Amino acid sequence: MTDGVDNPVFVSLDEVGLSRVASLRLYREPEPEHVPEISNRQYTAQDDNYTEGPCGWGRFTPRCLQSCNNAVGYLVFFSLLAIMQGTIVNGLVNVSISTIERRFQLNSSLTGLVASSYDIAFCVLSLFVSFYGQRGHKPRWLAFSAFAIGLGSILFAVPHFIDGLYEYGADFEGVCPTNTTSGDIQKCSTATTFGSSKYLAIFIIAQLLTGIGGTPLYTLGTAFFDDSLPPHKSSLFIGIGYGMSVVGPAIGYVLGGQLLNLYIDFDRVKSVHLTPDDPRWLGSWWIGFIICWFITWLLIPPFSCFPKHLPGTAKMQSERVSQAHHNGSEKVVQEKDIGKTFRDFPVALMLLLKNPVFMCLTISSCSDAFTTAGFAAFLPKFIENQFSRSASFSATIGGGVLIPAAAIGQVIGGIIISKTKMNCRNVMKYSIICAVLALALCSVFLFTKCGNHPYAGVSVNYNGTGSIGELTAPCNANCSCLRSTYEPVCGSNNIQYFSPCYAGCSSYTSDSQGKVFYNCSCVRSPDLPLSINGYIFNTSEATAGKCTASCTKMPFFMAFFFFVVVTTFMAATPITMAILRCVPDKQRSFALGVQWLFVRLLGAIPGPILFGLTIDSSCILWDIKPCGGNGACWTYDNDKMSNLLVIISAVCKCITILFLVLAFCLYKPPPEKTPPPGEDNTFIATVST
C-alpha cells in the first residue's frame, strides 16, 4: 500500500493475510551503509569471468569430444600427464643415473646437479606461473606443460645419438693372482673432458625443461579441480590425481630396470659378447625417455581442446561460500582486485606470507616432504645394508612398498574428506590425527634393526690374522687387489669378503645360478686340515653375492613401514585442501605455487642431502680414490644408521604435528552472515494502487 504520495507502507505478513500475498510486490530495503563481511560473499560468474564452453579448437567442436568436457575427462588426462612426469623425473632418471655416470665419465656430484635441475626450475618458476596463470586458461597451460615435459624427455636421450659406440674393454676376472699392469691402475684425473661437459649441459637443460613443464601441473592443474567442483568433490579428484602421480616412479623403475637388460648400443651393434651380469655391461637407458616423449606429446591436443572452465563452473562458484582465514586478506583481494597484473605480485605474496594458517600448513608439508624425499632416495640402500640384500632386490622391494603405499594414502585421504564433507577446521584436525599415528608407527625402526654380518677386515679379522679396518691380510697380500672393484662374496665359513680377490680365490666357475670361486686362501682355516678320512670340512669356496642375512625382521619392517607411508600420505591431500580453503578464493593457484616453492626449498631438496650425510656418518668401510680421499662407502654400521633415521623421522614428524596444531589453533573461520532486519518473520512489502 501507499499513503497517497507513493511512500511505501511496511506491513507484516499477519496484518495483510495469506490470501493477499499474491497481490503484494515484494520489496527489500536498501542495503545498509556498512559492507557485509567479504569472506562470506557469494561469487558470481561475472566476478572471475568463469567462461564456459564446449571442447574443441575454435569453432571446431565435434560432438564426440563433448563426453570429455567434464571433471572426469579432465582427471583422466591430468593423471596421465602426472604419471608421465613421475615416470621421467622420479623413475627413469634415478634408474639411469649410474649408467650415465659410467657412460659419459661423470662423477656423482655432477649427476646430482642433473637430478636437482628439475627442482631448481620448479622453484624459480612456481611463483610466477601460479600467479600469472591463476586467471588464465589453465588447461592450455597444461598443454604447454605436456610440451615442455616431452621436449625435456627427448632431449635427455640425445647424448646417446651424438656419442660414439660404447667401448667396454677387456674382461676382468677379479681373482687372485691378478696380473696388474700399468694400464690397469686407475689414473688421477683433475679435469673434465670437453665431451663430458657437453653432455652434462644437455642433461641439465633437459631437466630444466622438465621442471618448467612440471610447474603448471601441480599448481594450476590442481587448482582447476577446485575451480570446477564443490569442495567435497574436489578433494576426491585431487586425491586420485595425486595418487596417480605416485604411480609414475613405479612405472619408471620397472620400465627402466627392464630396459637396462638390453645392451646400450643394440641399435648400432649386431652382437656383443657381454651379459647383464658382467661389470662392463651398460643397458639401454635412453629408450624409456623416447617412449615417454611420444606419449607425453600425445596429451597436448586433449588439454588444448578443454574450455577455460568446465560446464557448471559458474553455478558452482556462485554458490561457493569462502572458508578463508579471517584476517582481512580476502577483503583486500576483492577491493583491490589483486592478481590482474604483475604489479600486484608483491602484495599478493605478502598477503599469503602474512596468513599464519597458510604458513603453518606449508611448513608442515615441508617437514613431511623432507622425510619422504629422503626415504625415496635412500630406502633401497637402507634395506640393502640392514638386511644384507642385493641392490636390485632392495630397489624392487623398496619401490614395491613405498610407491603403492603413497598412492593408497593419497586416495584414501581424498575419499575420507570427500565422503565426510569436512570443513577447513575438521580437515586440519584429521591431518593431526594421521600425523600422530604415523609418529607412533615410526618406532618400527627401533625394533627391526639388524646387526652387521661378519665381514672380513671390517668386523672380524682374517682367520686370526690381519687387523680390523684393513682389507689386506697375509692371506691376500700377494694378490694386488683393487679396492675400487667391489664384488662381495660369501665364504663357506659364512663370512663376507670384499671381493673374490680379497678372499684369496684363484679360480671360478660360472653357470645359470651365478659364480662359484675356489681355492680361496682367506676362507680356509690354516690351522685345520682340509679333510679327515676323505670327509671335507674345511672348504675354501665362496659364492658371488652377500651372505644370506641371519636377521629375519625384514617382513616385519616392510609391513610397518607400509603403514607409516600410508598414514603420512593420508594427510597429504587433506593438507592441500586446507591450504586451498584457508586463502582467498582468487589466490588458490598462487597459494599452491608458494607452497610448492617452500616444499622444494625446505623439504624435497635438502631432505636427500641430509639423509645422505647422515647415512655416510655411519660408514665403516670407505673406498679409497686413486688420488687419495674417500670414495663410495661399501659398508655401514647398521645400528647407528637405524638410530639416526629414527631420530630424523621422529623430529620431522613432531615438527609436522606442531605446525598442524598451530594452524588449527590460529584458524579463524569467517563470521556467519546475519540476516537483515525483518528477514526472520516479516516480509517487507509494498502494494501499489
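Residues numbered from 1 in each chain as written. Predicted model: local features only at pLDDT ≥ 70, side-chain atom pairs only at ≥ 80, totals over all residues. Heavy atoms only, no water.

Quick look at the overall build of the protein chain
Consideration 1: When helices and strands are counted, the protein chain shows 23 helices and 11 strands.
Consideration 2: In the protein chain, once contacts between residues fewer than 6 apart in sequence are set aside, the share between residues at least 24 apart is 79%.
Consideration 3: Surface exposure of the protein chain reaches about 31900 Å², of which carbon and sulfur atoms provide 62%. (Helix = DSSP H or I, 4+ residues; strand = E, 2+ residues; numbered from the N terminus. Contact = heavy atoms within 4.5 Å. Areas by Shrake-Rupley, 256 points an atom, 1.4 Å probe, with all protein chains shown as cover.)

Topic: the state of the cysteines
Here is the idea: a disulfide is a covalent bond, and it sits between the sulfur atoms of two cysteines.
Consideration 1: The final tally for this structure, using the stated rule, is 5 disulfides.
Consideration 2: Cys505 shares a disulfide with Cys520; S-S distance 1.9 Å. For the disulfide bridge between Cys505 and Cys520, the dihedral angle about the S-S bond is near 105°, and by the sign convention the bridge is right-handed. On the criterion of sequence distance, the pair formed by Cys505 in the loop between β3 (496-497) and β4 (507-511) and Cys520 in the loop between β5 (514-518) and β6 (531-532) is long-range, its members being 15 residues apart.
Consideration 3: On the basis of relative accessible area, Cys505 is assigned to the buried category, the value being 0%.
Consideration 4: Residue Cys520 is classed as buried on the basis of its relative accessible area of 0%.
Consideration 5: Of all cysteine sulfurs, the one in Cys55 lies closest to Cys305, which takes part in no disulfide; the gap is 4.2 Å.
Consideration 6: The buried category is assigned to Cys305, whose relative accessible area is 6%.
Consideration 7: With no disulfide of its own, Cys442 lies closest to Cys654 among cysteine sulfurs, the gap being 9.1 Å. (Disulfide = S-S within 2.5 Å. Buried < 20%, exposed > 50% of the residue type's maximum accessible area, 1.4 Å probe, protein only.)

Re the nonpolar core
Consideration 1: Residues Phe358, Leu361, Met428, Phe445, Phe557, Phe561 and Phe590 are the most contacted members of the largest nonpolar core, which totals 70 residues.
Consideration 2: Of the residues forming this core, the biggest block, 11 residues, is contributed by helix α15 (residues 356-386).
Consideration 3: If sequence neighbours within four positions are ignored, Phe557 has contacts with Leu379, Phe382, Phe387, Val444, Phe445 and Thr448.
Consideration 4: In this structure, Tyr199, Ile204, Trp285 and Cys305 belong to the second largest nonpolar core, which totals 68 residues. (Core = buried A, V, L, I, M, F, W, Y, C linked by side-chain atoms within 4.5 Å.)

Observations concerning the sheet that holds β4
Consideration 1: With antiparallel pairing, the 5 strands of this open sheet are ordered in space as β3-β2-β8-β5-β4. The open sheet terminates on both sides in strands that have one partner only, identified here as β3 and β4.
Consideration 2: Here 3 bridges tie strand β2 (residues 489-491) to strand β8 (residues 542-544), and the two strands are oriented antiparallel to one another. Paired with Gly491 across the strands is Ala542, a residue of β8. (Pairing = 2+ DSSP bridges.)

Describing unusual backbone geometry
Consideration 1: Unusually for a residue other than glycine, Ser480 sits at a positive phi of about 55°.
Consideration 2: Within the secondary structure, Ser480 is located in the loop between α18 (444-448) and β2.
Consideration 3: A positive phi is found at Asn519, a non-glycine position, where the angle reads about 55°.

Remarks on the environment of Leu113
Consideration 1: Relative to the assigned elements, Leu113 resides in helix α4 (residues 108-133).
Consideration 2: The exposure class of Leu113 is partly exposed, given its relative accessible area of 37%.
Consideration 3: Linking Leu113 and Gln207, residues 94 residues apart in sequence, is a C-alpha distance of 9.8 Å.

A word on the side chain of Ser589
Consideration 1: Tracing the chain through its elements places Ser589 in helix α21 (residues 588-604).
Consideration 2: A relative accessible area of 4% places Ser589 in the buried class.
Consideration 3: If near-sequence neighbours (up to four positions away) are discounted, Ser589 is found in contact with Ser130, Gln134, Lys138, Thr219, Leu220 and Ala223.

Side note on the packing of aromatic side chains
Consideration 1: Tallied over the entire structure, the rule returns 43 aromatic pairs.
Consideration 2: Aromatic side chains Tyr74 and Phe224 sit 4.6 Å apart centroid to centroid with 55° between the ring planes, which places their arrangement in the tilted category. Linking Tyr74 in helix α3 (residues 71-104) with Phe224 in helix α8 (residues 220-228), this pair joins segments that are 150 residues apart in sequence. Each member of the pair, Tyr74 as well as Phe224, carries the same accessibility label: buried.
Consideration 3: Each ring, one from Phe131 and one from Phe345, has its centre 5.4 Å from the other, and the planes form 85°; the classification is edge-to-face. Taken as a pair, Phe131 in helix α4 and Phe345 in helix α14 (residues 345-353) lie far apart in primary sequence, 214 residues in all.
Consideration 4: Here Phe131 falls in the buried class, since its relative accessible area comes to 2%.
Consideration 5: Grouping aromatic residues by their ring pairs yields a cluster made of Tyr74, Phe77, Phe78, Phe224, Phe225, Phe237, Phe303 and Phe306. (Phe/Tyr/Trp six-rings, centres within 6.5 Å; stacked < 30°, edge-to-face > 60°.)

Quick notes on the side chain of Ser79
Consideration 1: As for its position among the elements, Ser79 is in helix α3.
Consideration 2: Here the side chain of Ser79 touches Leu75 through a polar contact of 2.8 Å, landing on its backbone oxygen. (Polar contact = N/O pair within 3.5 Å; in protein donor to acceptor, adjacent residues only side chain to side chain.)

Concerning the pattern of salt bridges
Consideration 1: Inspection of every chain in the model, using the stated rule, returns 9 salt bridges.
Consideration 2: In this structure, the salt-bridge partner of Arg268 is Asp265, at a minimum N-O distance of 2.9 Å.
Consideration 3: Beyond isolated ion pairs, a larger network of salt bridges with shared partners links Lys138, Asp226, Asp227, Arg581 and Arg588. (Salt bridge = Lys/Arg side-chain N within 4 Å of Asp/Glu carboxyl O.)

Digging into the environment of Leu92
Consideration 1: Relative to the assigned elements, Leu92 resides in helix α3.
Consideration 2: Along the backbone, Leu92 and Gly256 are 164 residues apart, and their C-alpha atoms lie at a distance of 5.5 Å.
Consideration 3: Beyond its immediate chain neighbours, meaning those up to four positions away, Leu92 contacts Thr87, Gly252, Leu255, Gly256, Gly288, Phe289 and Cys292.

Regarding a nonpolar patch on the surface
Consideration 1: Taken together, the side chains of Ile291, Phe294, Ile295 and Leu298 make up a nonpolar region of the molecular surface, amounting to roughly 350 Å² of accessible area.
Consideration 2: The topology assignment puts Phe294 in helix α10 (residues 287-297). (Patch = residues over 30% accessible without salt bridge, like charges linked within 9 Å, V, L, I, M, F, W, Y side chains within 5 Å.)

As for the confidence of the model for the protein chain
Consideration 1: Summarising the model, the protein chain shows a mean pLDDT of 78, and 79% of its residues fall at 70 or more.
Consideration 2: Here residues 189-194 is a poorly scored stretch, pLDDT under 50, and it has 2 contacts once near neighbours within four places are set aside; other chains count. (pLDDT = per-residue confidence, 0-100.)

Considerations on the packing of α15 against helix α22 (residues 606-616)
Consideration 1: Where α15 meets α22, the axes come as close as 7 Å, and the angle between the chain directions of the two elements is 45°. Judged by the angle between their axes, α15 and α22 are oblique. Helix-helix and strand crossings are classified by hand; for α15 and α22 the assignment is right-handed. Residues Phe370, Thr371, Ala373, Gly374, Phe375, Ala377, Phe378 and Lys381 of α15 form the contact with α22, whose participating residues are Pro606, Gly607, Pro608, Leu610, Phe611, Gly612 and Ile615.
Consideration 2: Tallied by class, the residues present in the contact of α15 with α22 amount to 10 nonpolar, 4 polar and 1 charged. (Axes fitted to C-alpha atoms, helices over the stretch in contact; angles between N-to-C directions. Parallel < 35°, antiparallel > 145°, perpendicular 65-115°, else oblique. Left-handed = near helix turned anticlockwise from the far one by under 90°. Nonpolar A, V, L, I, M, F, W, Y, C, P; charged D, E, K, R; others polar.)

What about the packing of α14 against α21?
Packed helices, taken two at a time, are described by the angle their axes make and the gap between the axes.
Consideration 1: Two elements in contact, α14 and α21, have axes whose closest approach is 11 Å; the angle formed by their N-to-C orientations is 70°. Put simply, α14 runs roughly perpendicular to α21. Between α14 and α21 lies a crossing of right-handed hand. Counting all contacts with α14, which are made through Phe345, Ala348, Leu349, Leu352 and Leu353, the residues of α21 involved are Phe590, Ala591, Val594 and Phe598.
Consideration 2: Of the residues in the contact of α14 with α21, the class split is 9 nonpolar, no polar and no charged.

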